[in-house]
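Descriptive analysis of the structure
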Amino acid sequence: MPVEVSQKELDEFFHCALDLVKEAGQMVRSAIQEDKQVETKASFADLVTETDKGVEKLLISKLSEKFPGHSFIGEESTAGGTKNDLTDNPTWIIDPVDGTMNFVHTFPMVAVSVALAINKEIALGFIYNPVLELLYTARKGRGAFVNDAKLKVSSCTDLAKAVVMSEAGSGRDQERIDLIFQNMKNILPRAHGIRSLGSACMNMVMVAGGNADAYQEFGIHCWDIAAGKIIVEEAGGYVCDMNGGPLDLMARRVLCASSRELAEQIVKLVKYMELERD
Ligand code: LIP
């Protein structure tokens, strides 16, 4: 049975999450220049710090206190063994620090990324880079904003005039690396350029703001892309699977672009491996 949520409830969810994302951002900003306790997860290049864990704990504890019936999917809870289950129930999808490798190295492309899915569709999205003071928000049907400015994707429809964000990811097995770089080798000769920020959500907001024209990656997780999806779409962009089909949030891959035409040109050039679903 689909869940029904009123506009008033959505407003409450939005304002509550906005305050918490700002609070979480302060934690990230004050910790980025400090010494960190760094642990590894799936590979030696897949990192987690006490700030990732602390921010996720803050967000989940305060949101669940306020909205006891809601569900949660969080990057660090998943790493700790919690099973993900995206149902119709309002579900907060949380990446406490997207760009943890950047955070560890003080490279300023880090952001708190929070989305609310209702009936498996993203209704609200927040991406806050507290180092650069960029707060991106979107609500279904109400547009996307950075701080108070409305976001709009570029008018690019032609790969030959596009800057394409592409990531190498944190997996370190050779087959995966070869495929990722083959995709970039296929795109680069046909595009204006390739850029990589080390944070999926920061790549996505570059597309939403018209600062880049597309972004593709496989190996990412739902918490890396959930908030970015609605921000790009509300800015007028197109978000899909790397095979051109509808985005499957749990399938570990994403393609977004300023236009469907541009996305379709990239689909023809990229391949992916099937990875274990979120
Ligand atoms: C990271 C992403 C990055 C991607 C990595 C990783 P984390 O997220 O944002 O773009 O390439 O594979 O998923 O681990 O820093 O939250």
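It should be noted that the structure appears before, not after, this text.
Residues numbered from 1 in each chain as written. Predicted model: local features only at pLDDT ≥ 70, side-chain atom pairs only at ≥ 80, totals over all residues. Heavy atoms only, no water.

1. A look at the site of the ligand
In the vicinity of the ligand, 14 residues are found, and the nearest of them are Asp-98, Gly-99, Thr-100, Ala-200 and Glu-217. Note that an oxygen atom of the ligand is positioned 3.0 Å from one of the side-chain N or O atoms of Glu-75. Contact between the ligand and Glu-217: an oxygen atom at 2.6 Å from a side-chain N or O atom of the residue. Alone, the ligand offers 380 Å² of accessible surface; in the complex the protein occludes 93% of this. When we break the shell around the ligand down by domain, the ones giving at least three residues each are domain 1 (7-150) and domain 2 (159-267). (Near = heavy atom within 4 Å. Polar contact = N/O pair within 3.5 Å; in protein donor to acceptor, adjacent residues only side chain to side chain. Areas by Shrake-Rupley, 256 points an atom, 1.4 Å probe, with all protein chains shown as cover. Domains from an automatic or database assignment.)

2. With respect to the nonpolar core
Ranked by size, the top nonpolar core spans 43 residues in total, and within it Ile-93, Ile-127, Tyr-215, Ile-231 and Leu-249 carry the most contacts. Looking at this core, the elements that each hand over two or more residues are β5 (111-118), β6 (121-129), β7 (134-139), β8 (144-146), α6 (200-208), α7 (222-234) and β14 (253-257). Looking at which domains feed residues into this core, each of domain 1 (7-150) and domain 2 (159-267) supplies at least three. Non-local contacts of Leu-249, meaning those with residues more than four positions away in its chain, are made with Leu-86, Ile-93, Ile-122, Cys-222, Ile-225, Ala-226 and Asp-278. (Core = buried A, V, L, I, M, F, W, Y, C linked by side-chain atoms within 4.5 Å. Buried < 20%, exposed > 50% of the residue type's maximum accessible area, 1.4 Å probe, protein only. Helix = DSSP H or I, 4+ residues; strand = E, 2+ residues; numbered from the N terminus. Contact = heavy atoms within 4.5 Å.)

3. So, the packing of helix α1 (residues 7-31) against helix α2 (residues 50-66)
Close contact between α1 and α2 brings their axes to 10 Å; oriented N to C, the two are set at 160°. Considered as vectors, α1 and α2 are oriented roughly antiparallel to each other. Crossing angle aside, the handedness with which α1 passes α2 is right-handed. Side by side, α1 and α2 meet where Glu-12, Cys-16, Leu-20, Val-21, Glu-23, Ala-24, Met-27, Val-28 and Ala-31 of the first sit next to Thr-51, Gly-54, Val-55, Leu-58, Leu-59, Lys-62, Leu-63 and Lys-66 of the second. When grouped by side-chain class, the residues that make up the contact of α1 with α2 number 11 nonpolar, two polar and four charged. (Axes fitted to C-alpha atoms, helices over the stretch in contact; angles between N-to-C directions. Parallel < 35°, antiparallel > 145°, perpendicular 65-115°, else oblique. Left-handed = near helix turned anticlockwise from the far one by under 90°. Nonpolar A, V, L, I, M, F, W, Y, C, P; charged D, E, K, R; others polar.)

4. A word on the packing of α6 against α7
Axis separation between α6 and α7 bottoms out at 8 Å; the angle between their running directions is 5°. The pairing of α6 with α7 is recorded here as roughly parallel in orientation. Here Ala-200, Cys-201, Met-204, Val-205, Val-207 and Ala-208 of α6 come into contact with α7, specifically with Asp-224, Ile-225, Gly-228, Lys-229, Ile-231 and Val-232. For the contact of α6 with α7, a count of residues per class yields nine nonpolar, one polar and two charged.

5. Examining the packing of aromatic side chains
For the structure shown, the criterion picks out three aromatic pairs. Judged by centre distance (5.2 Å) and plane angle (35°), the ring pair of Phe-14 and Phe-126 falls under tilted. Here Phe-14 is found in helix α1, whereas its partner Phe-126 is found in strand β6, with 112 residues between them in sequence. Accessibility assignment for this pair places Phe-14 and Phe-126 in one class, buried. Ring centres of Phe-67 and Trp-92 lie 6.4 Å apart, and the angle between their planes is 20°; on these two criteria the pair is classed as stacked. Of this pair, Phe-67 sits in the loop between α2 and β3 (71-74) while Trp-92 sits in strand β4 (residues 91-98); the two residues are 25 residues apart in sequence, bridging distant segments of the chain. Grouping residues by exposure puts Phe-67 and Trp-92 together as buried. The structure contains a cluster of three or more aromatic residues connected by ring pairs, namely Phe-13, Phe-67 and Trp-92. The ring of Phe-103 has Lys-36 lying over it, and the distance from NZ or CZ to the ring centre is 4.9 Å. It is Arg-253 that lies over the ring of Tyr-272; its NZ or CZ is 4.0 Å from the centre. (Phe/Tyr/Trp six-rings, centres within 6.5 Å; stacked < 30°, edge-to-face > 60°. Lys NZ or Arg CZ within 6 Å of the ring centre and 35° of its normal.)

6. Side note on helix α8 (residues 260-267)
All of the buried residues in α8 are Leu-262, Ala-263 and Ile-266. The buried residues of α8 all sit within an arc of 100° when viewed along its axis, so they share a single face. Buried residues along α8 sit against β10 (163-166), α5 (174-187), β12 (214-218), β13 (238-240) and β14. (Arc of directions from axis to C-beta.)

7. A word on the sheet that holds β14
In space, the five strands of this open sheet follow the order β11-β10-β12-β14-β13, with mixed pairing throughout. Of all strands in the sheet, those bounded by a partner on one side alone are β11 (193-195) and β13. Averaged over all adjacent pairs, the angle separating strand axes in this sheet is 20°, with direction ignored. Here β13 runs beside β14; their pairing, made up of three bridges, is antiparallel. Looking at β14, one finds that Val-239 is bridged to Cys-256. Packed onto the sheet, α5 meets β10, β11 and β12 and runs at close to 160° relative to β12. Packed on one face of the sheet, α8 meets β10, β12, β13 and β14 and runs near 135° to β14. (Pairing = 2+ DSSP bridges.)

8. Considerations on the pattern of salt bridges
All chains considered together, the criterion is met by 13 salt bridges. Each of the salt bridges in this network shares a partner with another, and the network as a whole consists of Lys-41, Glu-75 and Glu-76. (Salt bridge = Lys/Arg side-chain N within 4 Å of Asp/Glu carboxyl O.)

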